[in-house]
Amino acid sequence: MRSTWTRRTILRGMTALAGAAFAPPLLSNLGQAQAAYRTTQPDLPADFGRGKSVAIVGAGVAGLTSAYRLANAGFKVVVFEADSRYGGRSLTARPSNQDYRKWWFKKYPGTEQFPAMYADRYQEVATSPAPDLQICEFMDDDWKPDTDRDPVELFLNAGPGRIPSNHVNLIALCQEIGVALEPYFFQSMSNLIQSQTFENGAPVTFAQITYSLYAEMAQMMFQVAREGIKLKGSTGTDEAKALDNLYRLFGNLDASGAIQPNSRLGYTHLPGGWRDGGTLRDSVPLDKILASGFIGDANANPELSPGSFLFNGFNIDWQPSLMQPIGGMDRIWQQLLLQDVPATAIWNESLQTAAGTSPKVGNLVLLNTPVISIRPGSGGVTLRVNPANAPGEAGIQRHEFDFCISTAAPSLLNRLLIKEGLPQAFLNGLDAFSVKGEWGDDDPTPNLWTPAIKVGWQGKTRFWETEDEIYGGISWTTDIIGQIWYPSEDFTAHTGILTGAYNRGKPAVNYARQNNVDRITTARHGLGLLHPNAKDEVYRGMSIAWQYMPNQVGGWASDTATTSPNIYRQITTFDRSGRFFCAGDTWSYWPGWQEGAVASAYCAIAAIARSVDPLTCLDCGCFAGMKG
């Protein structure tokens, strides 16, 4: 894996930067980004894979990243996607209005080559409690298509929605392919928290609870420190003064260590001019905070619970300020589709004709082409596919490849794989990932996966900004909706899209049992708990339960590497000289994150490279403890 600079790395970076001159800046309003990131991307020459072919199962972020890298390393590549859309669990819903659709394709040049990248509808499987087709009805009703003014860009990130600062493989990829990033606000002190055990369910700001808690803790530490210093006989020393200063600043205490009126808590009436001094919010006593339900359970699995409302922002992946692609999370895989690849990367003549003279990654992808079986062998991999779900055996095609990368979830892969000759540990891992029952007999999510549900809808106004001074971030509630996300873009516009519910684990199982009408009604009730006067200020709602989406099995794999390390070790056990490998966030230490999709794709590419040339990637961390 690449962890140090080589001459080829530098030359490739210079080439990428030269092309990036025509791409959007990495961070809006901060100029063109030209950072050089230390990533785990394998460093392969352009002709490394000449004469070799690779089949990739799945056109999500992992599959498209793999296709992009391998095609530009000289391999012939094809991506088989069972669904009628790209992106996998990176799904961004956009308005179905035709004028808006035309505007969007014009805004993002080149996208018209692959019109299926625009997702304005989706449908859960027939066995879902909400199997009806959902069409995105978001629309900027004030926009006039025959004018030069752009509409508010409206979208719901139904899958991933944010990028932490330590996801360097993903950030570097965004820079390289021209995906502009902007701040995403995970938390502001104006965001709300709500629980039935606090003030009869009344919502309260993060600021009022957090800084009340800081003051209470600071006062206790101030008093304990003073008593301890007295016992030591060291009053008046530099240490005593430093501790007094620390605790006073931490809790905004007065000179005697008492809690005082505190503007950190915010105002019930904002200050104004002349003698309008405003009204401070009251400090919340410690006993009420402890009984509020906002602190969370230190023994709970944070993967399956909301964690601590107050301390979630301490998590390195949930820092108060994160990033997002400008225009929606799907901009990442959309830009991947538009990347140039050599004509030699096209797998067969029909794709070559479709690609024309300037082939793109998108020309490597066959939608509506489910894989029926995968048979790895010592000399290659045989795939049986069924284009357009043709009926009967007559429609099934059989193809041979030198290598295969599967990005399917382990339980789905377990149904496709002909298992002869594969490492037994790997097969045991697939079996473990296929066990169901923990989430209830009526929920299809495997035990080691996490069910997840979202609801999105449009605000008739941006009431969260005008009424509650909320600009981005997330409000939390113990209600079944879990969270409300506020848009971190287009501040002060006249409309915007809210994530009206987001939950995982057992609450997501219970929530997903409702039909779509009831899911929206439930989300409206939850909105009313956090914004009591705004229940009628949203409309055009849609829901998605990932455990019921076609070709998916849930939101993401549970944090297997931490909670089930033996099983994680099993599913990452490959023959180092083999022909079949896996990628996707499940095969990473970043489950549920696109960083995991990219990093695991790089591991699969490195594994293929090592099979082609055993001297490649001798020190790669991907292969620790593997056979061969």
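Cut-off values and rules
Residues numbered from 1 in each chain as written. Predicted model: local features only at pLDDT ≥ 70, side-chain atom pairs only at ≥ 80, totals over all residues. Heavy atoms only, no water. Disulfide = S-S within 2.5 Å. Helix = DSSP H or I, 4+ residues; strand = E, 2+ residues; numbered from the N terminus. Axes fitted to C-alpha atoms, helices over the stretch in contact; angles between N-to-C directions. Parallel < 35°, antiparallel > 145°, perpendicular 65-115°, else oblique. Left-handed = near helix turned anticlockwise from the far one by under 90°. Contact = heavy atoms within 4.5 Å. Nonpolar A, V, L, I, M, F, W, Y, C, P; charged D, E, K, R; others polar. Buried < 20%, exposed > 50% of the residue type's maximum accessible area, 1.4 Å probe, protein only. Polar contact = N/O pair within 3.5 Å; in protein donor to acceptor, adjacent residues only side chain to side chain. Pairing = 2+ DSSP bridges. Core = buried A, V, L, I, M, F, W, Y, C linked by side-chain atoms within 4.5 Å.

A.B. asks: Whenever I open this one, the state of the cysteines confuses me. Can you help?
C.D. replies: Disulfides are covalent bonds that link the sulfur atoms of two cysteine residues. For the coordinates displayed, the defined rule picks out one disulfide. Through a disulfide, Cys603 is tied to Cys622; the S-S separation comes to 1.9 Å. With the S-S dihedral at roughly -70°, the linkage between Cys603 and Cys622 falls on the left-handed side. Pair noted here: Cys603 is in helix H17 (residues 594-612) and Cys622 is in the segment after H17, with a separation of 19 residues, a long-range link. The closest cysteine sulfur to the non-disulfide-bonded Cys404 is located on Cys582, 8.2 Å from its own sulfur.

A.B. asks: Which parts of the structure should I look at to understand the packing of helix H2 (residues 61-71) against H17?
C.D. replies: For any two helices packed against each other, the geometry comes down to the angle between their axes and how far apart the axes lie. Running from N to C, H2 and H17 cross one another at 40°; their axes reach a closest spacing of 8 Å. It follows that H2 is oblique to H17 by the angle criterion. Read as a crossing pair, H2 and H17 show a hand that is right-handed. Contact residues: Val61, Ala62, Thr65, Ser66, Arg69 and Leu70 in H2; Gln594, Ala597, Val598, Ala601, Tyr602, Ile605 and Ile608 in H17. Broken down by class, the residue content of the contact of H2 with H17 amounts to nine nonpolar, three polar and one charged.

A.B. asks: Honestly, the side chain of Asn363 in this entry has me stumped. Any pointers?
C.D. replies: Residue position: Asn363 is located in the loop between helix H9 (349-355) and strand S13 (365-366). The buried category is assigned to Asn363, whose relative accessible area is 10%. Within polar-contact distance, the side chain of Asn363 engages the backbone nitrogen of Lys360 at 2.8 Å.

A.B. asks: What should I look at first to understand the sheet that holds strand S14 (residues 371-376) in this one?
C.D. replies: Strand pairing within a sheet occurs via backbone hydrogen bonds; the two strands may be parallel or antiparallel. With antiparallel pairing, the three strands of this open sheet are ordered in space as S14-S15-S16. Each of the sheet's edge strands pairs with one partner strand only, and the pair in question is S14 and strand S16 (397-401). The sheet shows a mean angle of 20° between the axes of neighbouring strands, taken without regard to direction. Two strands pair when backbone bridges link them, and S14 and strand S15 (residues 381-385) are joined in this way by five bridges, in the antiparallel orientation. From the neighbouring strand, Ser373 faces S15, where its bridge partner is Arg384.

A.B. asks: Hey, could you run me through the nonpolar core in this one?
C.D. replies: If you look at soluble globular proteins, the nonpolar side chains tend to sit buried side by side. Core analysis: the largest hydrophobic core is formed by 116 residues, its most contacted members being Ile374, Leu383 and Phe426. With ten residues, the single largest contributor to this core is H17. Residues contacting Ile374, with those up to four places away along its chain left out, are Val57, Val381, Thr382, Leu383, Cys404, Leu413, Leu416, Leu417, Ile418 and Phe580. Of all hydrophobic cores here, the second largest spans 23 residues; its members include Ile481, Ala523, Ala545 and Tyr548.

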